[in-house]
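# Structural characterization, general
Residues per chain are reported as follows:
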Number of protein chains: 2
Amino acid sequence: MSNRYCVIMAGGIGSRFWPLSKEEKPKQFIDIFGTGRTFIQQTFERFNAFIPAENFIIVTNRQHRELVLEQLPEISESQILCEPVRRNTAPCIAYAAYRIATIDPFATMIVTPSDHIVTNQHQFEKIVQDSLDFAEKNDVLMTIGIHPNRPETGYGYIQVSDEKRENGVCRVKTFTEKPNVDTARAFLESGEFFWNSGIFIWSVKSIIKAMSAFIPDVATAFSRGTDVYNTPAEQLFIDSIYPECDNISIDYGVMEHARNVYVCCGDFGWSDVGTWGSLYMHAEKDGDGNACLTEHVVAVHTTDSVIKIPDGKKAVVEGLEGYIVADSGDALLICRKEREQNIRDYVEKLR
Amino acid sequence: MSNRYCVIMAGGIGSRFWPLSKEEKPKQFIDIFGTGRTFIQQTFERFNAFIPAENFIIVTNRQHRELVLEQLPEISESQILCEPVRRNTAPCIAYAAYRIATIDPFATMIVTPSDHIVTNQHQFEKIVQDSLDFAEKNDVLMTIGIHPNRPETGYGYIQVSDEKRENGVCRVKTFTEKPNVDTARAFLESGEFFWNSGIFIWSVKSIIKAMSAFIPDVATAFSRGTDVYNTPAEQLFIDSIYPECDNISIDYGVMEHARNVYVCCGDFGWSDVGTWGSLYMHAEKDGDGNACLTEHVVAVHTTDSVIKIPDGKKAVVEGLEGYIVADSGDALLICRKEREQNIRDYVEKLR
């Protein structure tokens, strides 16, 4: 039996992808590129290549439990952890870590978002395996970094020190939030900065130790459940402690304070597909630079636009340059790509 | 019993209103303004104010017979004439005229399109009544004209002679097809030209006499059905002669040649709502000049646009100036208003 586990964090609501992503069916549960695989299915397959299905844990909001079961038939009900409320990544990871520790205190775990894309599986797998090897042998907190190819302002960055370890593993000097474009350019030129993928790898021992040191309230709360994890009493316990947890990210709560943080960097066609712009970047485009993610679209005098309509629907789009056109059936978005950061506000006005 | 009849021509397919108007449900059967009344229902009500329901004849394509019955419950099945193929207005009017003549050879008939709007019912009714009075007493072909308020290039024009008759009835000198904008301006300035509404009024005797003179093939074909109209054999007869009829308009076939053509002109808020532009013109607009024909639309940095989405659907529209956005549920159109004459071609590309 493998003691390598994969925790997929699927509690997000993907509000930047309205109207395709909605509270009832957030981004990770949709097949935005029309590949026949939703984001969470792609994520599962990516790790299932080297992690057995029974070693997956999916953390999600209670209302999306059925969606997980439906989309990942390989997963049993007991592998789905239900968050009663949204509390960012630290409580989510603490819950998964303590849950796994009760079964296998010597486990190593991967923690991954559920809504990213990776185009080079082979490269990706190598980086993750190297990180697992390193995390199994050392008391470290590993993160996966990506060689930046542009001064992206939508990502967090990781600065590495000169100190190199085996297999390209580097010690992390600092984590940096989303920079402005000038800073991002300087990061890119320095060669010291990598994109932070939000994928983490560590032994349950190491992450529990780090959480106990840096976010003791969260660690203590989840440590009290050791007797109830994997029993019928688990959900009641979680429902009682979750709302009281700090709403805090693992980056802010732990990674930025710990001294044993390492990164393994690669270049494997990664994107968090966090915005329509990044989706556009990764989509196939026609000669006019249009990414028509659906058939039956006639685009005339239209360039550099991304168009997604329901399967079977027809569309004529004329005279748009640099737009997002997204139709989910019950909602329609037409917006200039450059204004996509305002979509959330516009949707707010609909209420 | 009244011997005034109203013939509603409802055989059009409204292809310029894609995607709201489609072959399965053309423009006359839709409620584009969200008033709770489709165009054909509005047309029926407009004339039903002074023509009894049993004196209506609806001519439509066979595939839309059920739609007529559904939308006009006041109409019985025998009042619906089914065209097996589309053959423009002359055969449609010949069919209706001969059909009415077998019941009432002294009848007067109004012939009207099914998809226009009239905002001043009172004015409209007066003009039509005056025309009926005139047509009952004289062997004339009457048409209803409209005082033009702009150099519209989308309408046909009627030039009148100085010779005035009672109640503002004028003799028609010429019919003019859609003019270019310079010609339209000259027409407007001259004061001699009126818009041609496509609404005609005449006795069945006069129209049958005129058709016999100017389109004898069509007249002869329908005259042979005198024995079968209003019998179970009628449809079979029509199905056999209709496909052989010339595809010709009443304007081109009769009105442009007859010497006894008169017009009664008014100003009653008329539009043929033939294009998205004319729909926009007649729709209620907000402070930014947007005609949102549906609720649940948030328009940002958007001006002079017309937006129609299905009831209950939500939309965010950003950064559009002078556009048509029309969503029918199974098809979506986004197009600059100035390009609307190309919509037919764009839709053709979808096939």
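Refer to the structure above for everything that follows.
Residues numbered from 1 in each chain as written. Chains lettered and ligands numbered in written order. Predicted model: local features only at pLDDT ≥ 70, side-chain atom pairs only at ≥ 80, totals over all residues. Heavy atoms only, no water.

### Notes on the environment of A:Val68
All names here are of chain A. Along the chain, valine 68 turns up in helix H2 (residues 65-71). For the pair formed by valine 68 and cysteine 335, sequence separation is 267 residues and the distance between their alpha carbons is 31 Å. Valine 68 has contacts with Phe29, Ile58, Thr60 and Ile80, leaving out every residue within four places of it along the chain. (Helix = DSSP H or I, 4+ residues; strand = E, 2+ residues; numbered from the N terminus. Contact = heavy atoms within 4.5 Å.)

### Focus: the packing of aromatic side chains
Scanning all chains against the criterion turns up 36 aromatic pairs over all chains. Relative to A:Trp202, the ring of A:Phe200 has its centre 5.3 Å away and its plane inclined at 5°; by these criteria the two rings are stacked. Residue classification places A:Phe200 among the buried positions, given a relative accessible area of 2%. Since its relative accessible area comes to 0%, A:Trp202 is described here as buried. On the basis of an interplanar angle of 70° and a centroid distance of 4.9 Å, the ring pair of B:Tyr155 and B:Trp195 is categorised as edge-to-face. Of the two residues, B:Tyr155 sits in the loop between strand E6 (141-146) and strand E7 (157-164) while B:Trp195 sits in strand E9 (residues 193-203), which places them 40 residues apart along the sequence. B:Trp195 matches B:Tyr155 in its accessibility class, with the two residues each being buried. Three or more aromatic residues link up through ring pairs in this structure, and these residues are A:Tyr95, A:Phe222, A:Tyr229, A:Phe237 and A:Tyr242. (Phe/Tyr/Trp six-rings, centres within 6.5 Å; stacked < 30°, edge-to-face > 60°. Buried < 20%, exposed > 50% of the residue type's maximum accessible area, 1.4 Å probe, protein only.)

### A closer look at the interface of chain B and chain A
Contacts between the two partners involve 31 residues from chain B and, on the opposite side, 31 residues from chain A. Here chain B packs against chain A, burying approximately 2600 Å² in sum over the two surfaces, 64% of which is carbon and sulfur. If you sort the residues of chain B by the area they bury against chain A, B:Val316, B:Glu318 and B:Ile334 come out on top, with a joint share of 25%. There are six salt bridges connecting chain B and chain A. Where A:Asp327 meets B:Lys313, a salt bridge forms, and the shortest distance between an N and an O atom there is 2.7 Å. (Buried area = accessible area lost by both parts, 1.4 Å probe. Salt bridge = Lys/Arg side-chain N within 4 Å of Asp/Glu carboxyl O.)

### Overview of the relation of the copies chain B and chain A
Between chain B and chain A, which share one sequence, the superposing operator has a rotation angle of 180° and an axial displacement of 0.1 Å; the RMSD is 0.1 Å. On the angle and the small slide along the axis, the relation comes out as a two-fold axis. Across chain B, the smallest distance between a C-alpha and the rotation axis is recorded for B:Gly329, namely 3.5 Å. Looking at the interface residues of chain B, 100% of them are also at the interface in chain A, so both copies use one shared face. (Least-squares fit on C-alpha atoms with pLDDT ≥ 70 in both.)

### Concerning the sheet that holds strand E16 (residues 323-327) of chain B
Strands pair in a sheet through their backbones, by hydrogen bonds, and they do so in one of two ways: parallel or antiparallel. Across the sheet, six strands lie side by side as E13(A)-E15(A)-E17(B)-E16(B)-E14(B)-E12(B); this open sheet has mixed pairing. Sheet topology places strand E13 (297-300) of chain A together with strand E12 (291-292) of chain B at the edges, where each strand pairs with a single neighbour. As paired elements, strand E15 (residues 314-318) of chain A and strand E17 (residues 331-336) of chain B share four bridges and run parallel to each other. Bridge pairing in E17(B) places A:Ala315 opposite B:Leu332. (Pairing = 2+ DSSP bridges.)

### A short note on the pattern of salt bridges
Side chains bearing opposite charge may pair, as long as their charged atoms lie close to each other. Inspection of every chain in the model, using the stated rule, returns 36 salt bridges over all chains. The salt bridge partner of A:Glu66 is A:Arg65, with a shortest N-O separation of 3.2 Å. Residue B:Asp115 is joined to B:Lys27 by a salt bridge in which the shortest nitrogen-to-oxygen separation is 3.3 Å. Separated by 88 residues along the polypeptide, B:Asp115 in the loop between strand E4 (108-113) and strand E5 (117-118) and B:Lys27 in the loop between strand E1 (4-10) and helix H1 (39-48) bring together distant segments of the chain. Each of the two residues, B:Asp115 as well as B:Lys27, counts as buried. Linked by salt bridges that have partners in common, A:Lys313, A:Asp327, B:Lys313 and B:Asp327 make up one network.

### Focus: a negative patch on the surface
Residues A:Asp286, A:Asp288, A:Asp304 and A:Glu321 make up a contiguous surface patch of negative charge. If you trace the backbone, A:Asp286 turns up in the loop between helix H10 (276-282) and strand E12 (291-292). (Patch = residues over 30% accessible without salt bridge, like charges linked within 9 Å, V, L, I, M, F, W, Y side chains within 5 Å. Areas by Shrake-Rupley, 256 points an atom, 1.4 Å probe, with all protein chains shown as cover. Lys, Arg positive; Asp, Glu negative; His and termini not counted. Charge placed at Lys NZ, Arg CZ, Asp CG, Glu CD.)

### Focus on the state of the cysteines
A full pass over the atoms with the stated rule returns zero disulfides over all chains. A:Cys92 takes part in no disulfide bond, and the closest cysteine sulfur, belonging to A:Cys245, lies 11 Å away. A:Cys92 gets classed as buried once you look at its relative accessible area, which sits at 4%. Left unpaired, B:Cys335 is separated from the closest cysteine sulfur, that of A:Cys292, by 16 Å. (Disulfide = S-S within 2.5 Å.)

### Quick notes on the nonpolar core
Generally speaking, soluble globular proteins have nonpolar side chains that are buried together. Within the largest apolar cluster, 52 residues are counted, with the highest numbers of intra-cluster contacts made by A:Met109, A:Leu141, A:Trp202, A:Ile207, A:Met211, A:Phe222 and A:Ile250. Looking at this core element by element, the count peaks at 10 residues for helix H3 (residues 89-103) of chain A. The residues touching A:Ile207, leaving out its near neighbours within four places in the chain, are A:Ile93, A:Ala97, A:Met109, A:Leu141, A:Trp202 and A:Ile250. Formed by 51 residues, the second largest nonpolar core is a distinct cluster that contains B:Met9, B:Val59, B:Val111 and B:Ile215. (Core = buried A, V, L, I, M, F, W, Y, C linked by side-chain atoms within 4.5 Å.)

### A look at the sheet that holds E12(A)
Taking strand neighbours across the sheet as the criterion, the six strands line up as E12(A)-E14(A)-E16(A)-E17(A)-E15(B)-E13(B) in an open arrangement whose pairing is mixed. Looking at strand neighbours, the two that pair on one side only are E12 of chain A together with strand E13 (297-300) of chain B, the edges of this open sheet.

### Let's talk about unusual backbone geometry
Here the bond from A:Trp18 into A:Pro19 is cis, since omega is 5°, no more than 30 degrees from zero. Unlike most non-glycine residues, A:Asn230 shows phi in positive territory, near 65°. Within the secondary structure, A:Asn230 is located in the loop between helix H7 (216-223) and helix H8 (234-241). With relative accessibility at 41%, the residue A:Asn230 sits in the partly exposed group. One non-glycine residue, B:His301, lies in the positive phi region at around 50°. Following the sequence through the fold, B:His301 ends up in the loop between E13 and strand E14 (306-308).

### Concerning the environment of B:Phe44
Residues and elements named next belong to chain B. Topologically, phenylalanine 44 is positioned in helix H1. The spacing of phenylalanine 44 and isoleucine 199 is 155 residues in sequence and 14 Å in space, taken between C-alpha atoms. If we skip the residues at most four places from it in the chain, phenylalanine 44 touches Ile8, Ala53, Phe56, Leu72, Glu74 and Ile75.

### Some thoughts on helix H11 (residues 343-350) of chain A
Where H11(A) is concerned, the buried positions are A:Ile343, A:Tyr346, A:Val347 and A:Leu350. Taken down its axis, H11(A) places every buried residue within 100° of arc, on the same side. Packed against the buried residues of H11(A) are H10, strand E16 (323-327) and strand E17 (331-336) of chain A together with E13 and strand E15 (314-318) of chain B. (Arc of directions from axis to C-beta.)

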